[in-house]
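Spelled out from the first residue to the last, the chains are:
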Amino acid sequence: KQEVTQIPAALSVPEGENLVLNCSFTDSAIYNLQWFRQDPGKGLTSLLLIQSSQREQTSGRLNASLDKSSGRSTLYIAASQPGDSATYLCAVIDPSYQLIWGAGTKLIIKP
Amino acid sequence: NAGVTQTPKFQVLKTGQSMTLQCAQDMNHEYMSWYRQDPGMGLRLIHYSVGAGITDQGEVPNGYNVSRSTTEDFPLRLLSAAPSQTSVYFCASRPVKSRVHQPQHFGDGTRLSIL
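Residues numbered from 1 in each chain as written. Chains lettered and ligands numbered in written order. Predicted model: local features only at pLDDT ≥ 70, side-chain atom pairs only at ≥ 80, totals over all residues. Heavy atoms only, no water.

Asks: What is the right way to read the pattern of salt bridges from this model?
Replies: Side-chain pairs of opposite charge can arise where the charged atoms are in close proximity. If you walk through the whole model with that rule in mind, you get 5 salt bridges over all chains. In this structure, the salt-bridge partner of Arg61 of chain A is Asp84 of chain A, at a minimum N-O distance of 2.8 Å. A residue pair is termed long-range when its members are at least 10 positions apart, and Arg61 of chain A in the loop between β6 (56–59) and β7 (62–67) and Asp84 of chain A in the loop between β8 (72–77) and β9 (86–93) qualify at 23 residues. What makes Arg61 of chain A partly exposed here is its relative accessible area of 30%. Between Arg44 of chain B and Asp38 of chain B there is a salt bridge, with its nearest N and O atoms 2.7 Å apart. Each of Arg36, Asp38 and Arg44 of chain B takes part in salt bridges that share partners, so that together they form one network. (Salt bridge = Lys/Arg side-chain N within 4 Å of Asp/Glu carboxyl O. Helix = DSSP H or I, 4+ residues; strand = E, 2+ residues; numbered from the N terminus. Buried < 20%, exposed > 50% of the residue type's maximum accessible area, 1.4 Å probe, protein only.)

Asks: Looking at this model, I keep getting lost on the sheet that holds β8 of chain A. Mind explaining?
Replies: As a general point, the strands of a sheet are linked pairwise by backbone hydrogen bonds and lie either parallel or antiparallel. Residues and elements named next belong to chain A. The 5 strands are arranged β1-β3-β8-β7-β6 in an open sheet whose pairing can be described as antiparallel. Unpaired on one side and paired on the other, β1 (4–7) and β6 mark the two borders of the sheet. Shown here is a sheet whose adjacent strand axes are inclined to one another by a mean of 15°, direction ignored. Sheet topology places strand β3 (residues 19–25) next to β8; 6 bridges connect them, and they run antiparallel. The residue of β8 that forms the bridge with Leu21 is Leu75. (Pairing = 2+ DSSP bridges. Axes fitted to C-alpha atoms, helices over the stretch in contact; angles between N-to-C directions.)

Asks: Explain the interface of chain A and chain B to me, please; I cannot follow it from the model alone.
Replies: The extent of an interface is frequently quoted as the accessible surface area lost upon association of the parts. Taken together, the contact between chain A and chain B spans 22 residues of the former and 23 residues of the latter. A buried area of about 1,700 Å², summed over both sides, lies between chain A and chain B, and 57% of it is on carbon and sulfur atoms. Joining chain A to chain B, the criterion identifies 1 salt bridge. Between chain A and chain B we count 4 residue pairs in polar contact (both at pLDDT 80 or more) in total. Sorting the residues of the side of chain A that touches chain B by element identifies β4 (32–38), β5 (44–51), β9 and β10 (99–101) of chain A as the ones contributing at least two each. Each residue belonging to the side of chain A that touches chain B can be placed in one class, and the counts come to 10 nonpolar, 10 polar and 2 charged. (Contact = heavy atoms within 4.5 Å. Buried area = accessible area lost by both parts, 1.4 Å probe. Polar contact = N/O pair within 3.5 Å; in protein donor to acceptor, adjacent residues only side chain to side chain. Nonpolar A, V, L, I, M, F, W, Y, C, P; charged D, E, K, R; others polar.)

Asks: Got a minute to help me understand the pairing of β8 of chain A in this structure?
Replies: Here is the key point about a regular strand: its side chains alternate between the two faces of the sheet. All names here are of chain A. Side-chain alternation along β8 places Ser73, Leu75 and Ile77 on a buried face and Arg72, Thr74 and Tyr76 on a face that remains uncovered. Sheet topology note: the β7/β8 ladder contains 6 bridges and is antiparallel. When the sheet's bridge partners are listed, Asn63 is paired in β8 with Tyr76. Hairpin connection of β7 to β8: 4 residues between the antiparallel strands, including Gly71 at a positive phi of 70°.

Asks: Explain the pairing of strand β6 (residues 54–57) of chain B here, please?
Replies: Residues and elements named next belong to chain B. Examined bridge by bridge, strand β5 (residues 44–51) and β6 share 3 bridges and lie antiparallel to one another. Within β6, the residue paired with His47 across the bridge is Gln57. Between the antiparallel neighbours β5 and β6 lie 2 residues, among them Gly53 with a positive phi of about 85°.

Asks: Sorry, what's going on with the sheet that holds strand β3 (residues 19–25) of chain B here?
Replies: Residues and elements named next belong to chain B. Strand order in this open sheet of 4 strands is β1-β3-β8-β7, and the pairing throughout is antiparallel. Because the sheet does not close on itself, it has two edges, and the strands there are β1 (4–7) and β7 (64–66). Direction aside, neighbouring strands of the sheet carry axes that sit 20° apart on average. Where β1 lies against β3, 4 bridges are found, and the strand directions are antiparallel. Paired with Gln6 across the bridge in β3 is Cys23.

Asks: So what exactly am I meant to see when it comes to the packing of aromatic side chains here?
Replies: Two numbers describe a pair of aromatic rings. These are the distance of the centres and the angle of the planes. As enumerated under the stated definition, the model contains 8 aromatic pairs over all chains in all. Aromatic side chains Tyr31 of chain B and Tyr48 of chain B sit 5.9 Å apart centroid to centroid with 40° between the ring planes, which places their arrangement in the tilted category. Remark: Tyr48 of chain B occurs in strand β5 and Tyr31 of chain B occurs in strand β4 (residues 31–37); sequence separation between them is 17 residues. When sorted by exposure, Tyr31 of chain B lands in the same class as Tyr48 of chain B, which is buried. Where Tyr35 of chain B meets Phe106 of chain B, the ring centres are 6.0 Å apart and the plane angle is 35°; that geometry is what we call tilted. Remark: Phe106 of chain B occurs in strand β10 (residues 105–106) and Tyr35 of chain B occurs in strand β4; sequence separation between them is 71 residues. Overall, the relative accessible area of 9% leaves Phe106 of chain B in the buried class. In textbook terms, an aromatic cluster arises when at least three aromatic residues are bridged by ring pairs, as seen for Phe36 and Trp101 of chain A together with Tyr35 and Phe106 of chain B. The ring of Tyr31 of chain B has Arg94 of chain B lying over it, and the distance from NZ or CZ to the ring centre is 4.6 Å. (Phe/Tyr/Trp six-rings, centres within 6.5 Å; stacked < 30°, edge-to-face > 60°. Lys NZ or Arg CZ within 6 Å of the ring centre and 35° of its normal.)

Function cannot be inferred from these measures alone, as they are strictly geometric.
Laid out in structure tokens, this is it:
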């Protein structure tokens, strides 16, 4: 059974720092991996989607990498801002086309 | 574009009561799903639908019913509410189940408390 883990559960860093969020999964048989952002009391917003044949995707200050063989993905946030404060979730799509989710990393950027 | 709309945003129920959580999308998406989100856990799939008239169970379907009479609407029914169903419920949609590289769109959630 696919399991997705995100460590740490919470992270607090000063504004301006570059940071990395981690996501690991136990089964490399995935179609893609997605990173989402969740703001308090809100739904989830898709940030980046990496197909299984890709190694990385970039959007603005965000860069996500995927290493299927090791079962790992990272989300790199450059020059962090207070507006980046949110919970970041990763999820993989398994061969049954369903999303399997991590529990998320709560990120706080201190001004 | 409204996207995915969930109602109500908040609800408090007593144990044993029933209710329906509403979900509507205006993007003509075939695939719709319901998740619950509990503290410290990832989202878990309750039920999903690949089109009008077709529904299937997810990881945690017990205590919930769904129907899909139209492409736009996918209501979730709690048959007899239990405290273990206290959670945040999210509805999501995407074009088709097999188009796995299309990101899902989420509603803002329904926060449900069962006393």
